[in-house]
Amino acid sequence: NALLLVLTAILKYENKIPSDFDKYMSVIKNVEFSNKHIKSLSRGYGASNELANDMIEQINKKLKINLTIPK
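Residues numbered from 1 in each chain as written. Predicted model: local features only at pLDDT ≥ 70, side-chain atom pairs only at ≥ 80, totals over all residues. Heavy atoms only, no water.

(A) Structural context of the overall build of the protein. Assigned secondary structure in the protein consists of four helices and zero strands. Start at the N end of the protein and walk to the C end: the helices and strands fall as α-α-α-α. A compact globule built from 71 residues should have a C-alpha radius of gyration of about 11 Å, and the protein, at 12 Å, falls within 12% of that. Principal-axis analysis of the C-alpha atoms places the extent of the protein at approximately 35 × 25 × 15 Å. In the protein, which comprises 71 residues, the share counted as buried stands at 32%. Considering only residue pairs separated by 6 or more positions, the protein has 55% of its internal contacts joining residues 24 or more positions apart. Total accessible area on the protein is roughly 5,100 Å²; 53% of this is exposed by carbon and sulfur atoms. Here the protein contributes 11 positively and 7 negatively charged side chains, and the mean placements of these two sets differ by 2 Å. (Helix = DSSP H or I, 4+ residues; strand = E, 2+ residues; numbered from the N terminus. Rg over C-alpha atoms; globule rule 2.2 N^0.38 Å. Buried < 20%, exposed > 50% of the residue type's maximum accessible area, 1.4 Å probe, protein only. Contact = heavy atoms within 4.5 Å. Areas by Shrake-Rupley, 256 points an atom, 1.4 Å probe, with all protein chains shown as cover. Lys, Arg positive; Asp, Glu negative; His and termini not counted. Charge placed at Lys NZ, Arg CZ, Asp CG, Glu CD.)

(B) Inspection of the packing of helix H1 (residues 2-14) against helix H4 (residues 45-63) at higher detail. For the pair H1 and H4, interaxial distance at closest approach is 8 Å and the crossing angle is 45°. Classified by the angle their axes make, H1 and H4 are oblique. Seen along the crossing, H1 lies across H4 with a hand that is right-handed. Residues Ala-2, Leu-3, Leu-5, Val-6 and Ala-9 of H1 form the contact with H4, whose participating residues are Tyr-45, Ser-48, Asn-49, Leu-51, Ala-52, Met-55, Ile-56 and Ile-59. Considering only residue class, the contact of H1 with H4 consists of eleven nonpolar, two polar and no charged. (Axes fitted to C-alpha atoms, helices over the stretch in contact; angles between N-to-C directions. Parallel < 35°, antiparallel > 145°, perpendicular 65-115°, else oblique. Left-handed = near helix turned anticlockwise from the far one by under 90°. Nonpolar A, V, L, I, M, F, W, Y, C, P; charged D, E, K, R; others polar.)

(C) Up close: the nonpolar core. One finds Val-6, Met-55, Ile-59 and Leu-67 to be the most contacted residues of the largest nonpolar core, which totals 19 residues. For this core, the secondary structure elements donating two or more residues are H1, helix H2 (22-28) and H4. If you tally residues by element for this core, the top one is H4, at six residues. Excluding anything up to four places from it in sequence, Leu-67 contacts Ala-9, Ile-10, Tyr-13, Tyr-24, Ile-56, Ile-59 and Asn-60. (Core = buried A, V, L, I, M, F, W, Y, C linked by side-chain atoms within 4.5 Å.)

Put into structure tokens, the structure is as follows:
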């Protein structure tokens, strides 16, 4: 679910499927997905939102853009 939220944010930002989509994925691979980290997140939708925000924060920092999770 978190990845779908990130994909939605990317598509909203780009207004299309970006041809250089791999630049986003190369940043996401550095986000921590360990069991210990996932267990530390809240339950349900809150966890998806927290994880999506972690990924978006990394993307924004690395690519110097301003993605946000659509409401």
